[in-house]
Amino acid sequence: MSAQEYAFVVLAIVGGVSAISVVLARNVVHAALYLVVTLLTVGGVYLLLGAEFVAWVQILIYVGAIVILFLFGLMLTKAPIGRDMLDNQNRWIGGVVGFGIFLGLVFLIQDAFKVQDSAAQVTFRTTTGDVGVSMFRDYVLPFEAVSFLLLAALIGAVVLARKDAEAK
């Protein structure tokens, strides 16, 4: 095995354990911190694959913005973050949904890695310019919708925090 394969195994183990810890954590803040580790390992895998732009976008956007937004939302709303918040008796529904998503992903992965004949070779261009053109041509609307949703969530958290502060 090469050094790259060893690094991938380490990242896969750390990422898998932290992803399971996100789901099993009894404290919302601890779950968010486990999510940071999981997203960092995903960025590390992108680096190993040679997709530096995607790796740094993963780290900057998801770790640097999304998780921080979650933590600010928790702090601003003064939501209950202890053990009582995450104890739920409907875990079997989550298990069924998770298993369904797993089956869907297995189907998609098998479909994506079908062996094709040598005459139908597909080449992918993955330069930063190609990613930018694709993002701003094909994915502008979803990108802006998510941005608007996150902004609305942050404004809502501030409004709820101010109402709570004024009530005291």
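Note that the coordinates shown come from a computational prediction; the quantities given were computed from them, not determined experimentally.

**Here we look at the packing of helix H1 (residues 3–24) against helix H2 (residues 28–48)**
Next, step 1: The geometry of H1 relative to H2 is characterised by a closest axis approach of 8 Å and an angle of 155° between their N-to-C directions. Taken together, H1 and H2 sit at an angle that is classed as roughly antiparallel. Both H1 and H2 take part in a crossing whose hand is left-handed. Here H1 contributes Gln4, Ala7, Phe8, Leu11, Val14, Gly15, Ser18, Ala19, Ser21 and Val22 to the contact with H2, which in turn contributes Ala31, Tyr34, Leu35, Val37, Thr38, Thr41, Gly44, Val45 and Leu48.
Next, step 2: Taken together, the residues of the contact of H1 with H2 sort by class into twelve nonpolar, seven polar and no charged.

**Looking at the nonpolar core**
Next, step 1: Val28, Ala32, Val36, Leu39, Val63, Val67, Leu71 and Leu74 together form the largest nonpolar core, which totals eight residues.
Next, step 2: Of all the secondary-structure elements, those providing two or more residues to this core are H2 and helix H3 (52–77).
Next, step 3: With residues near it in sequence (within four places) discarded, valine 36 still touches Val63 and Val67.

**A word on H2**
Each turn of an α-helix holds 3.6 residues, which means side chains three or four residues apart point in the same direction.
Next, step 1: Its 21 residues give H2 an end-to-end C-alpha distance of 30 Å, which sits within 8% of 30 Å, the value for a rise of 1.5 Å per residue.
Next, step 2: Downstream of H2 by one or two residues, glycine 50 has phi in the positive range, about 85°.

**Quick look at the pattern of salt bridges**
Next, step 1: A complete count under the given rule lists one salt bridge for this structure.
Next, step 2: Measuring nitrogen to oxygen at the nearest pair gives 3.2 Å for the salt bridge that ties arginine 137 to aspartate 138.
Next, step 3: With relative accessibility at 58%, the residue arginine 137 sits in the exposed group.
Next, step 4: Overall, the relative accessible area of 42% leaves aspartate 138 in the partly exposed class.

**Structural notes on the side chain of threonine 41**
Next, step 1: Here threonine 41 shows up in helix H2.
Next, step 2: A distance of 2.6 Å separates a polar atom in the side chain of threonine 41 from the backbone oxygen of threonine 38.
Next, step 3: Not counting the four nearest positions on each side in its chain, threonine 41 is found in contact with Leu11, Val14 and Gly15.

Criteria and cut-off values
Residues numbered from 1 in each chain as written. Predicted model: local features only at pLDDT ≥ 70, side-chain atom pairs only at ≥ 80, totals over all residues. Heavy atoms only, no water. Axes fitted to C-alpha atoms, helices over the stretch in contact; angles between N-to-C directions. Helix = DSSP H or I, 4+ residues; strand = E, 2+ residues; numbered from the N terminus. Parallel < 35°, antiparallel > 145°, perpendicular 65-115°, else oblique. Left-handed = near helix turned anticlockwise from the far one by under 90°. Contact = heavy atoms within 4.5 Å. Nonpolar A, V, L, I, M, F, W, Y, C, P; charged D, E, K, R; others polar. Core = buried A, V, L, I, M, F, W, Y, C linked by side-chain atoms within 4.5 Å. Buried < 20%, exposed > 50% of the residue type's maximum accessible area, 1.4 Å probe, protein only. Expected span 1.5 Å × (residues − 1). Salt bridge = Lys/Arg side-chain N within 4 Å of Asp/Glu carboxyl O. Polar contact = N/O pair within 3.5 Å; in protein donor to acceptor, adjacent residues only side chain to side chain.

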